[in-house]
Amino acid sequence: MRLPLIAPSDLTPEQQPLYDDMRKGIASNFNAFVSQREDGALMGPWNPWLHEPAIGKAIWNLTLAMTANAVLPDNVRQIAILVVGARFDAAYELYAHIAVAEAEGMPVERLATLVADLKPSDLNKEESVAYDLAYALCRGGLLPEPIYRLALATFGQKGTNELIYLVGLYSMVSTTLNGFDVPVPEHA
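Residues numbered from 1 in each chain as written. Predicted model: local features only at pLDDT ≥ 70, side-chain atom pairs only at ≥ 80, totals over all residues. Heavy atoms only, no water.

Trainee: Can you lay out the side chain of Glu127 for me, pointing to particular residues and giving the numbers?
Mentor: By the element assignment, Glu127 lies in helix H7 (residues 125–139). Judged by its relative accessible area of 4%, Glu127 falls in the buried class. Once residues within four sequence positions are removed from consideration, Glu127 is found in contact with Asn75, Val76, Ile79, Arg110 and Asp122. (Helix = DSSP H or I, 4+ residues; strand = E, 2+ residues; numbered from the N terminus. Buried < 20%, exposed > 50% of the residue type's maximum accessible area, 1.4 Å probe, protein only. Contact = heavy atoms within 4.5 Å.)

Pasting the structure below:
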């Protein structure tokens, strides 16, 4: 861990409102995994965001907007997020979203295949399109036209937009986690 966790008692006046907002959002949206230390210090990507509150607030607002305006089913979202986490080998991202996917009933065999950076054979059509789009974008370069058209036919424009933005957001989250060497919490 390259940035120390910030105990709530050590927050600056600039950090405090962001901390309060993130803690509230984490409690309602990201509670399937450990996201804070016993003293309330935030772990995962939230800690680096607190270290730079102006940047962190912008990223947090994007995260909230992506959650509040979601039109894609959560299983499709989780497939895309796990593809990104696997491509970046982002330990905390994989830890957190494996927990979310397990809580939503995703089979362990599928999870194991996804985190191995492979396409599971049991995906439904929507999940398969999400996998292909996320995988292609994570490789870099222009999204191939057939994948884009298939996403449009499957999810419509709004859903396709969401999927592209989701890959971008979680690429940034994964880069943050890897750049700051954010560890996975100890399992209880």
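Still more to cover.
Trainee: Just give me the short version of the nonpolar core, but keep the residues and values in it.
Mentor: With 53 residues, the main nonpolar core has Met22, Phe33 and Trp46 as its most contacted residues. Those elements that place two or more of their residues in this core are helix H1 (15–29), helix H2 (46–51), helix H3 (53–68), helix H4 (74–88), helix H5 (91–103), helix H6 (108–115), H7 and helix H8 (145–179). In terms of residues, this core owes the most to one element, H8, which gives nine residues. The contacts of Met22, once residues within four sequence positions are left out, are Leu42, Trp46, Trp49, Leu50 and Trp60. (Core = buried A, V, L, I, M, F, W, Y, C linked by side-chain atoms within 4.5 Å.)

Trainee: So, the packing of H1 against H3: which residues are in play, and what are the values?
Mentor: Direction vectors running N to C along H1 and H3 enclose 25°, while the axes themselves pass 10 Å from each other. By the angle between their axes, H1 is roughly parallel relative to H3. The handedness of the crossing between H1 and H3 is left-handed. On H3, the residues touching Gln15, Leu18, Asp21, Met22, Gly25, Ile26 and Asn29 of H1 are Pro53, Gly56, Lys57, Trp60, Leu64 and Thr67. Along the lines of polarity and charge, the residues of the contact of H1 with H3 split into six nonpolar, five polar and two charged. (Axes fitted to C-alpha atoms, helices over the stretch in contact; angles between N-to-C directions. Parallel < 35°, antiparallel > 145°, perpendicular 65-115°, else oblique. Left-handed = near helix turned anticlockwise from the far one by under 90°. Nonpolar A, V, L, I, M, F, W, Y, C, P; charged D, E, K, R; others polar.)

Trainee: Explain the packing of H4 against H6 to me, and be specific about the residues and the numbers.
Mentor: Contact geometry for H4 and H6: axes closest at 8 Å, N-to-C directions at 40°. Considered as vectors, H4 and H6 are oriented oblique to each other. Contacts between H4 and H6 involve Ile79, Leu82, Val83 and Ala86 from the first element and Arg110, Leu111, Leu114 and Val115 from the second. For the contact of H4 with H6, a count of residues per class yields seven nonpolar, no polar and one charged.

Trainee: I'd like a rundown of H1, residues and numbers included.
Mentor: An ideal rise of 1.5 Å per residue puts 21 Å on 15 residues; H1 measures up with 21 Å between its terminal C-alpha atoms. Looking at the buried positions of H1, the neighbouring elements they touch are H2 and H3. (Expected span 1.5 Å × (residues − 1).)

Trainee: Residue-level account of H5, with values.
Mentor: An ideal rise of 1.5 Å per residue puts 18 Å on 13 residues; H5 measures up with 18 Å between its terminal C-alpha atoms. Immediately beyond the C-terminal end of H5, within one or two residues, lies Gly105, with a positive phi of roughly 90°.

Trainee: Tell me what's going on with the pattern of salt bridges, and back it up with residues and numbers.
Mentor: Enumeration according to the criterion identifies seven salt bridges in this entry. Residue Arg77 pairs with Asp74 through a salt bridge whose shortest N-O separation is 3.9 Å. Of this pair, Arg77 and Asp74 both sit in helix H4, three residues apart, which is roughly one turn of that helix. Here Arg77 falls in the buried class, since its relative accessible area comes to 8%. A cluster of three or more residues bridged by salt bridges with shared partners is formed by Asp74, Arg77 and Glu162. (Salt bridge = Lys/Arg side-chain N within 4 Å of Asp/Glu carboxyl O.)

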